[in-house]
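Listed below, chain by chain, are the residues.
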Amino acid sequence: MIYFVTPTYPRPEQTPELIRQAHTLMHVPRIHWIVADDKYKCSRHVLGILRRSGLPYTHIASPKPNMKKVPEWLVPRGVSNRRAALDWIRQFVTEGVIYFGDDDNTVDLELFDEIRTTKGLSMFPVGLIKEYGVSSPVVRDGKVVGFFESWTYNRKFPVDMAGFALNVKSLNPTATMPYKVGFIENEFLKESGFDIENIEPLANNCTKVLVWHTKTEKNTPRILKGNLKAMANSRYQNLGKLLQELQKMDVLKVTPRNGTEAAVKLYHRDRKSFLFLADMV
Ligand code: UGA
Ligand code: MN
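Conventions and cut-offs
Residues numbered from 1 in each chain as written. Chains lettered and ligands numbered in written order. Predicted model: local features only at pLDDT ≥ 70, side-chain atom pairs only at ≥ 80, totals over all residues. Heavy atoms only, no water. Helix = DSSP H or I, 4+ residues; strand = E, 2+ residues; numbered from the N terminus. Expected span 1.5 Å × (residues − 1). Buried < 20%, exposed > 50% of the residue type's maximum accessible area, 1.4 Å probe, protein only. Contact = heavy atoms within 4.5 Å. Pairing = 2+ DSSP bridges. Near = heavy atom within 4 Å. Areas by Shrake-Rupley, 256 points an atom, 1.4 Å probe, with all protein chains shown as cover. Nonpolar A, V, L, I, M, F, W, Y, C, P; charged D, E, K, R; others polar. Phe/Tyr/Trp six-rings, centres within 6.5 Å; stacked < 30°, edge-to-face > 60°. Lys NZ or Arg CZ within 6 Å of the ring centre and 35° of its normal.

1. Observations regarding helix α3 (residues 79-92)
Between its terminal C-alpha atoms α3 stretches 20 Å, which fits the 20 Å expected from 14 residues at 1.5 Å a residue. Those residues of α3 not exposed but buried are Val79, Ser80, Asn81, Arg82, Ala84, Ala85, Leu86, Trp88 and Ile89. On its buried face, α3 sits against β1 (2-8), β2 (31-37), β3 (57-61), β4 (97-100) and α5 (184-191).

2. Topic: the pairing of strand β15 (residues 263-268)
A regular strand places its side chains so that they alternate between the two faces of the sheet. The pairing of β15 with strand β16 (residues 271-276) spans six bridges and is antiparallel. Residue pairing in the sheet places His268 in a bridge with Arg271 of β16.

3. Comments concerning the site of ligand 1
Neighbouring ligand 1 are 19 residues, the closest being Pro7, Asp38, Arg77, Asp102 and Asp104. Considered on its own, ligand 1 offers 690 Å² of accessible surface; in the complex 90% of this is hidden by protein. Every element with two or more residues in the shell around ligand 1 is listed here: β1 and α3. Among the residues forming the shell around ligand 1, the class breakdown is four nonpolar, five polar and 10 charged.

4. Thoughts on unusual backbone geometry
Of note in the backbone geometry, Leu128 takes a positive phi value of approximately 65 degrees without being a glycine. Summarising the element assignment, Leu128 is placed in the loop between β7 (126-127) and β8 (134-140). In this structure Leu128 comes out as partly exposed when scored by relative accessible area, which is 46%. One non-glycine residue, Asp141, lies in the positive phi region at around 50 degrees. Counting through the fold element by element, Asp141 comes out in the loop between β8 and β9 (143-148).

5. So, the environment of Val79
You can see Val79 is positioned in helix α3. Taking C-alpha positions, Val79 is 45 Å from Leu275, a pair spaced 196 residues apart along the chain. When sequence neighbours within four positions are dropped, the list of residues in contact with Val79 reads Met177, Pro178, Tyr179 and Ile184.

6. Side note on the packing of aromatic side chains
All told, the structure shown has nine aromatic pairs when counted by the stated rule. Residues Phe100 and Phe188 carry aromatic rings whose centres are separated by 6.0 Å and whose planes lie at 90 degrees to one another, so their mutual orientation is edge-to-face. Within this pair, whereas Phe100 is found in strand β4, its partner Phe188 is found in helix α5, the two being separated by 88 residues in sequence. Judged by its relative accessible area of 0%, Phe100 falls in the buried class. Taken together, a centroid distance of 4.7 Å and an interplanar angle of 25 degrees make the contact between Tyr132 and Phe148 stacked. With a gap of 16 residues between them, Tyr132 in the loop between β7 and β8 and Phe148 in strand β9 connect regions that are remote in the sequence. On the accessibility criterion, Tyr132 (41% relative accessible area) is partly exposed. A network of ring pairs unites the aromatic residues Phe4, Tyr99, Phe112 and Phe124 as a single cluster. The lysine or arginine in question, Lys180, covers the ring of Phe183, its NZ or CZ lying 4.5 Å from the ring centre.

Quick look at the structure:
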């Protein structure tokens, strides 16, 4: 069994990212998807995606600590929720392979065949990483002897979260992930007590990229001026329902107070007219 751990958080891109990841995982046998919400409560629309996927899943929530005084780029991403996933695995799982698959990465189906045989810690290249375009172990005579990675400073294991898998049996009972940007993987692997000599290189001795660090353009949630309740009772009910649905997914927000003056273009016989959302009653 592969335990595919996905941290996720509310934002406009969340639903499409998770749908895409679900559709990858639906091709994979013996997989258990652990989706860890960066929230106080599991989000309904995330649960909806999990249910519809038909995959065996665990849905847990654990929000990031309040770090309001810290600039955004210094807040590590997906730590609290990955920690919760690790706790769950420690509590309920005795065998299998753990892989940290972010919601925005692109995974080749071949990766699953590769990582399934991980005995301790395995590693493999990740495409589209920073300055070098790839991050990979360097292999000599079948052994990992170094790393090709643009940022190695102070990192014994200069790897991306998507570049390794580990056996549940090798999961150290206390190893955790730190709230430290750029050092999450390194500290976790160090605390786990892994050695460079024992890393199992995969993907044909690290000659193939089977996972990609794709990034989706960030969207700010749109604020539209209007009243959802009034729209639901108006003649244009579908629009009210549609926008309500997207509001639940954190794509946009409709509020009577401020926001973009959005308009509908209407046709009545041959006459065209415009109606502002805010004027729909
Ligand atoms: C890179 C690595 O690929 C991540 O695995 C690593 O956690 C991160 O850097 C880091 O060291 O901070 P990157 O593409 O820069 O990731 O970050 P995101 O894709 O935005 O976030 C990584 C994962 O954490 C995603 O699955 C995302 O949904 C989740 N996340 C992000 C949260 O759960 N909460 C947040 O506030 C932000
Ligand atoms: Mn990412």
